[in-house]
Amino acid sequence: MKQPKSRLILDTETGKPLHGVGAGTLGVFLKAYYPEVRKLIRVASGYFRLAGYTLGRRYLLPNQSSVQFHILVGRNEGDNARLAVRDEIKTELDKGKKTGYYTPIVRDVIRRIKAKEFIIYDARSMDVDYHCKFYICDQTVLCHGSGNYTVYGILTQHEQISASRDSAVIKESSDWFDEASKTAKDVTLPILKVLEEWLKLAPPFHAYLKFLTAFDILFDRGNVPGLHLPVYYQQWVIVRAIEACKQHRAAVVLAATGLGKTIIGAELVFLLKHLNIIQNVVLIAPSAVHAEWKKQLKLRDFHDDLFNSHLLFMSTSERPYHKVAQLDQRLSDVTDKTLILIDEAHTYRNQDRSDWQKKDKKYRDEAKREKARGGVALDRIRPLVEERKALIVLLTATPYGTNPGNIESLLRFLPETLEKQNVEKKRKGLTLAQLTKLNFVSSLGLRQVLTLARERGDTVNNRVFIQFGTQPRFMPERVYLRKVSYKLPEFEDLRAAFDAGLFAQDTPNVGDGFDDRRDDYRSFGINSANGHFITSWLGSPPAVVQCLIKNLLTLGKRDDQAKAPAPPLFPDYQRYSEEEMAAFPDEEAGKPYGFLMREDIKLRREKLYHIQQRLELLKRDDKVQKLCDLLKVHVVDGKEKALVFVERHATALFITEFLQKIKPSLSVECMVVRQGKEGYALKDTDKRNEIMDNFSPISRGTKKITFPVNVLICTDANGIGVNLQDANVVVNYDPADSADIVFQRAGRIIRFTVDPARKVYIYTFEPSQKDAASKACNKIASVFESMRKHHDRSNKTFGLSILPESDEEEIDLTNPEQEAAFVGSFNAADDGTIHDPLAHHTAIFDKHRDLVAKLNDSLYSSRIYKSNEPRIAVLIEKDAQKHIILYNLKSRAFEHENNPIAVIDLLACQEDTDNAPIDVGTVERATKRAVNNWQKISTSSTDDLLILCSIYLAPKWKKTFSDDLLKKFRQKKKARHNPTNKGNT
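Structural notes, computed from the coordinates. (Residues numbered from 1 in each chain as written. Predicted model: local features only at pLDDT ≥ 70, side-chain atom pairs only at ≥ 80, totals over all residues. Heavy atoms only, no water.)

## A closer look at the packing of helix α22 (residues 541–552) against helix α25 (residues 601–616)
Contact geometry of α22 with α25 gives a least axis separation of 10 Å together with a crossing angle of 155 degrees. Put simply, α22 runs roughly antiparallel to α25. The element α22 and its partner α25 pack so that their crossing is left-handed. Judged by residue contacts, P541, V544, V545, L548, I549, N551 and L552 of α22 engage I601, R604, R605, L608, Y609, I611, Q612, L615 and E616 from α25. (Axes fitted to C-alpha atoms, helices over the stretch in contact; angles between N-to-C directions. Helix = DSSP H or I, 4+ residues; strand = E, 2+ residues; numbered from the N terminus. Parallel < 35°, antiparallel > 145°, perpendicular 65-115°, else oblique. Left-handed = near helix turned anticlockwise from the far one by under 90°. Contact = heavy atoms within 4.5 Å.)

Printed below as a string of structure tokens:
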């Protein structure tokens, strides 16, 4: 829209303006009349800005340097009317975004104030409203109208101004000004203090903290009821994961048990959407953690459906309401704005076998190799990542569960370019240490967190704590590892049966995997029936009964060869008498194995059926009695809570029914329910969550306890990702099938709590019967041996294991060495070393939050650093986004444009770091130069651009001419005092 032209009426004698209206009118009047002043300029204005004062000062002549300024300011309208003049000037300095320099302005005002040539009054302390705008030059001219003493008022805004030389009018206005000044507040000295403070360079450490707000702004969202914002060590991992997603469209987050993996994941989802990197998410996680995921995502305004981990393994379903069909439908809608987030990603650790298949002769053909490569889960996800460019994030605490191949299997879910870029083509398996060095992997271990806490000084009575909100939380004071020996039921007969091959299948299943002894991939022969029996025998009598029923329903190899035609379940009945046939189990009692057994069914019936009958009558065994005894000590007498892990549903129900009958006071609950005559199933999700809420109400935030639970019997389906640290006893009633499951179990209770004196007990049940000549005993021994293997490729245990070698071991976590070894065992790659500088940055920032809140809105600083070229780092806020720029003042080029963390690394310093001997004016000029060039490159306007902080990075002091003079002076002084030279002096 076309603006009206400015109009002026000039004095016919002097040519100076008498009346004017339009843009820049006030500037015209000041330029005409300021040169007439000899002593005093009185200014009454609604606004005052240092930039406006500087502009007006330019209209004075060189011989007018001693002219005094008395300024009366008193705006009462607008949103900022409550601000004092002093605060307005401070804000102008802190948020100055003009291309001009404030340093000379500030110095001039300071000089004038000290020379009593500048006085400023705040008229807002007057009882009546103030709206005057006039300029009195001595007692000779009065300029009055609508113009404020600002750059806009002087140069750009349309104002109306008139000039008067009427002495009576000037006297009345001057008298009014002087009288108003007496009732207004003299703010000259407070302003002087603000200006002098501004001229001081801020300590480099303050500037360093100010720059860190660029990352903290991601997590600064105020108080949302129930929302757990990430703490400092979680923030570090989240920021790294965001950078990985931006750069690689993929990230892997390894977070040790108890460090808030769900919060990390939920916050990552929120921020990726906030940054417009994604629009929606497909979340795949174990059902046990769905409730917590839903809670955290809902608080962040995400309401996407969650899918159970096992669905990825299942074949496509034609039924539209089946969960698999719903998952496939959701995956069909995936775009490049979709995040696929897989929690507990180690579930899919055996999905890839590509490397060894390239060498195996049966896979030499490319078509066969591609067909065999990977599994159902990998086949579902990989095309979405490769072809549709979906983002993918994998979360896990235990990527290395059984062998190094586990890690490579997870990497196959990532983009192929990433895999080829970061992993050698001829590899036999990555170690955890190698994995954590990949630039798309963020690793967070307990030892690392404790190291950060020590660096921050977070200790009480020599105990390290982690700050959760306002509460310090501690690891347990002591962990007791105890082994419970028990006798297996029907040991002699079942051992003999196993050694005779009565539990062996005819042809082992062929499995592919990593051989630790050969340090390579190969095919394995897996005798599933043998393994099923050993697991059942180590469980309970009902679990063995289930195994025996399955065994006796399955045909043997010779049975299969003799039948013609083959009956559905049994061999030719004519081979057996009616008496023998009556002894066979009912077909409805269970299902046979999907393979043939080595021995025929008649022989197995003769040897095993009477054992089955005895076990069915057994209501207790030595193992369950030992469990009852230890629960009495801890739960009944010690008023503690216990978590008991089993492998078989039948075992879970057997223990529960026994304890409820023998010790009702234990308040036992079980996650399993009986289904049908001999069947079992997990209770529905809502019921399981209710049980856990009542079992561990503090950790799960339960508002109302509906029934007491002191002992919880569960399978490993509830041993992943669940907070149950109200309990302090974990019982490994049955051995876990891999090392990572052992730590998942212990991780339910070995977490940070408010109790620094907390004690934790971990019991592991192990059979006492040994026989080196027995295949059964050796198989059992190998089960426990594999449990003790940890994540190192040489299969040695890292630090301290959580499985006892002797009957009882004690770990004193008040001892730093034992603490380091123990928490390190939860993550073999965690040696306590913080390899990522960002971790230190976030920890330091969090520790000094109170100081950060007190810092000025804008800071200038300087420091010496190790480089040969001067640089200026600037923190800018534009459109509510913070940008970090690094400008090389010598090469006039921007550096680390896409790596703000690298800039932060340059700025990191100690609290006592001194400023470089750089003048604030030099810092300001370098800052404005960098910002102006950044605006040109980014085509960004000055609107809403704020300079929050800048720090001048000065090279180390180089040798100069003065250094040479000083060196020569010292040499001459030394020569004069040297006795050997006295005769020559």
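Let's pick the thread back up.
## Regarding the pattern of salt bridges
Considering all chains together, one arrives at 44 salt bridges under this definition. For D328, the salt bridge is made with R380, and the minimal N-O distance between the two is 2.7 Å. With D328 in helix α12 (residues 323–332) and R380 in helix α15 (residues 376–386), this residue pair connects regions lying 52 residues apart in the sequence. Each member of the pair, D328 together with R380, is buried. Salt-bridge contacts for R482 lead to E808; the nearest nitrogen and oxygen are separated by 3.4 Å. Here E808 lies in strand β29 (residues 808–812) and R482 lies in strand β19 (residues 478–486), a separation of 326 residues in the sequence. Here R482 falls in the partly exposed class, since its relative accessible area comes to 22%. A network of salt bridges, in which partner residues are shared, links R57, D108, R111, R112 and E117. (Salt bridge = Lys/Arg side-chain N within 4 Å of Asp/Glu carboxyl O. Buried < 20%, exposed > 50% of the residue type's maximum accessible area, 1.4 Å probe, protein only.)

## Description of the sheet that holds strand β12 (residues 306–308)
The strand order across the open sheet built from six strands is β12-β11-β13-β14-β10-β15, with neighbouring strands paired in parallel fashion. Taken across any chain shown, the strands that pair with only one partner, and hence form the sheet edges, are β12 and β15 (441–444). Across the sheet, the mean angle separating the axes of adjacent strands is 15 degrees when strand polarity is ignored. Of the strand pairs in this sheet, strand β10 (residues 250–255) and β15 are connected by four bridges, and their pairing is parallel. (Pairing = 2+ DSSP bridges.)

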